[in-house]
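# Topology and contacts: notes
Each chain, written out:
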Amino acid sequence: MAKAKEAVEPVGPRIGARLKAARQSKRLTLDDLAEACGVTKGYLSKLERDHVNASVATLIKVCAVLEIPVGSLFENASAGEVVRADAMPQISFGGAKMTEYLLTPTNERRIQVLLGELEPGGGSGQEFYSLPIDVNFVHVLEGGLRVSFEGGRTDPNGEAVDAEDVVLAAGDSFTFTPTHNHSFQAEGSVLAKVLWVLNPALPEGPRAPSS
């Protein structure tokens, strides 16, 4: 009986994880990328798992679609990007009497985490607004927060919920669908600190505060 051939791992730098991360940050599926590059989904899947080596022509095509430099795939690997406590960028999504900081890297599109500090009465303003993302999660670190909805709203499972204000105290968390019009305001007479998690990140990203 002939002996089965052992699988041979391709020789060369392992770039699959970086390609996959770049594809996900662009919110592209394997099918999307395969169609844009003129290769098969199965080939791209093997490439992201470092089971095949890409030709120069294919790698250039893939990087062009992902809008990343080819050379960035071969830089020293990093476990992630650190945002230091003393270097959190201040950003602004509007509102009044509040300061916001971005805790995730500015180029991270899969998720966005913000730290908000709201003075008493501060918040998003009187007008309701919606966000073009799937899920909004808020956790109150200090003080209190009131989240209000216009009309009715839906929960993360798509179920209809009667309109009501949701009042959160320190330690409370709230997950909701932000495509429904809503607003928020600090509750109480002390500074409120809240953590916002947006999934995925807002398409246009945060704005720098006006001077």
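Residues numbered from 1 in each chain as written. Predicted model: local features only at pLDDT ≥ 70, side-chain atom pairs only at ≥ 80, totals over all residues. Heavy atoms only, no water.

The name an unreviewed UniProt entry gives the protein is Helix-turn-helix domain-containing protein, with Rhodococcus baikonurensis as the organism.

## Side note on the packing of helix α2 (residues 30-37) against helix α4 (residues 56-66)
Heads up, the rule is: The axes used here are C-alpha line fits, helices contributing only the stretch in contact, and every angle between their N-to-C directions lies in the interval 0 to 180 degrees. Under the scheme used here, helices are H or I runs from DSSP no shorter than 4 residues and strands are E runs no shorter than 2 residues, and both carry numbers assigned from the N terminus. Comment on the angle field: the value is read as roughly parallel under 35 degrees, roughly antiparallel over 145, roughly perpendicular from 65 to 115, and oblique elsewhere. Note: crossing handedness is left-handed where the near helix turns anticlockwise from the far helix by less than a right angle, and right-handed where it turns clockwise. Contacts are assigned to residue pairs with any non-hydrogen atoms lying within 4.5 Å of each other. For this scheme, ten residues count as nonpolar: Ala, Val, Leu, Ile, Met, Phe, Trp, Tyr, Cys and Pro. Four count as charged, namely Asp, Glu, Lys and Arg, and the remainder, Gly too, count as polar.
Between α2 and α4, the least distance of the axes is 9 Å, while the angle of their chain directions is 120°. On the basis of their axis angle, the class for α2 and α4 is oblique. The two elements α2 and α4 meet at a crossing, and its hand is right-handed. Contacts between α2 and α4 pair L33, A36 and C37 from the former with K61, V62, V65 and L66 from the latter. Classifying every residue of the contact of α2 with α4 by side-chain character gives six nonpolar, no polar and one charged.

## Quick notes on unusual backbone geometry
The peptide bond linking N199 to P200 adopts the cis configuration, its omega dihedral lying at -10°. In this structure, R27 takes a positive phi of about 60° despite not being glycine. With respect to the secondary-structure elements, R27 resides in the loop between α1 (16-25) and α2.

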